[in-house]
Each structure stands twice: as C-alpha cells, then as structure tokens.
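Chains, contacts and geometry: an overview
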Amino acid sequence: MQNIINWFEIPATDFNRAVKFYSTILSIEIQGSEFMGTMMGFFPTDGTNVSGAIVKGENYTPANGGVLAYLNGGENLSSILEKVEDASGNIIAPKTQISDEMGYFAMFVDSEGNTMALHSMQ
C-alpha cells in the first residue's frame, strides 16, 4: 500500500465559488463536470499521486469538524496561505513548525466552511 488515502472529496455549497477558491490558492486549473447528478471539480493528477475533487450534490455538506485533510503546501506553504483570505477563506492556525524533521503546517476554513490544512517542509 503506497498511501493510506487514495481519494478525497471537498464538499461545496456553491460549486463555482469553491472551484475559484482552490484554483486561486493552489494556482491550479480545476476541471469540472457532472457525474451521476453530482458536480465534481477534479484536482490535477498524473495518475500516480493521491488526488480528489470539489463536490456539490446530495449528501455532501461542508463541515468545520471531523476528518481533517492536509493538502500539499509545496516548497513553502506560505505562498498558498498568503492567498487564503483574499480568496474568501479564513486562516485559523498560522504557519507553525512541527519540528525540523516534520516541517510546517497551517489550517484554514475554505470558502464553503470546510476546515482544511496545509503541510510543507519549509
């Protein structure tokens, strides 16, 4: 088993707003489509990495408690974190060092009310 997680879905109330939020903070293009009555905005993948989607549909409700997903913060998560508030998110834990060996984390609430986190080594 390479990864304990192989797919994640981030619930959205306003699909377009959520796609814009994550596209902006992560500087990526998110491809959207409808699948069995659910709107899905797919994060880029090369087929070898864990990926996921922004989803809007029945039984998908944004939440600020429960499972916490850590997104890859790249070389330095500060570059992503700097964009969160301008993109209608809220930083709830600033960039914080875990240890020299484990790097840094930060937490934010996205445009939909989901609590999410970032991790990077710098």
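In case you missed it, the structure is sitting above this.
This text gives an overview of the structure that appears in the document. (Residues numbered from 1 in each chain as written. Predicted model: local features only at pLDDT ≥ 70, side-chain atom pairs only at ≥ 80, totals over all residues. Heavy atoms only, no water.)

This part covers the sheet that holds strand β7 (residues 103-109). The 4 strands are arranged β5-β8-β7-β6 in an open sheet whose pairing can be described as mixed. The open sheet has two edge strands, β5 (70-72) and β6 (90-99), and neither has a second partner. Adjacent strand axes in the sheet meet at a mean angle of 25° when their direction is disregarded. The pairing of β7 with strand β8 (residues 115-120) spans 6 bridges and is antiparallel. Note on β8: the bridge partner recorded for Phe 105 is His 119. The strands that helix α1 (residues 15-26) touches are β5, β7 and β8; relative to β7, the one it contacts most, it runs at about 155°. (Pairing = 2+ DSSP bridges. Helix = DSSP H or I, 4+ residues; strand = E, 2+ residues; numbered from the N terminus. Axes fitted to C-alpha atoms, helices over the stretch in contact; angles between N-to-C directions. Contact = heavy atoms within 4.5 Å.)

As a further point, take the sheet that holds strand β3 (residues 38-42). An order of β1-β4-β3-β2 is seen for the 4 strands of this open sheet, with the pairing classed as mixed. The open sheet terminates on both sides in strands that have one partner only, identified here as β1 (7-11) and β2 (31-35). When strand polarity is set aside, the average angle formed by the axes of neighbouring strands in this sheet is 30°. Alignment of β2 against β3, held across 5 bridges, turns out to be antiparallel. Along β3, the bridge assignment pairs Phe 35 with Thr 38. Taken strand by strand, α1 contacts β1, β2, β3 and β4 (51-56), and its axis lies near 150° from that of β4.

Topologically, His 119 is positioned in strand β8. Take His 119: its relative accessible area is 27%, and that puts it in the partly exposed class. Leaving out residues up to four positions away in the same chain, His 119 has contacts with Tyr 70, Leu 71, Asn 72, Gly 73, Gly 74, Leu 77, Ile 98, Met 102, Gly 103, Tyr 104 and Phe 105. At 2.6 Å, the side chain of His 119 forms a polar contact with the backbone oxygen of Met 102. (Buried < 20%, exposed > 50% of the residue type's maximum accessible area, 1.4 Å probe, protein only. Polar contact = N/O pair within 3.5 Å; in protein donor to acceptor, adjacent residues only side chain to side chain.)

Further remarks concern the environment of Ile 98. Assignment of secondary structure puts Ile 98 in strand β6. On a C-alpha basis, the gap between Ile 98 and Met 121 in space is 9.4 Å, while along the polypeptide they are 23 residues apart. In this structure Ile 98 touches Gly 103, Tyr 104, Phe 105 and His 119, once residues within four positions along its chain are discounted.

Another aspect to go through is unusual backbone geometry. For Ser 27, which is not a glycine, the phi torsion comes out positive at approximately 55°. Structurally, the position occupied by Ser 27 is in the loop between α1 and β2. Judged by relative accessible area, which is 55%, Ser 27 ranks as exposed. For Ser 88, which is not glycine, the phi dihedral falls at a positive 80°. Note on placement: Ser 88 falls in the loop between α2 (78-84) and β6.

Limitation: the analysis is restricted to geometry and does not speak to function.
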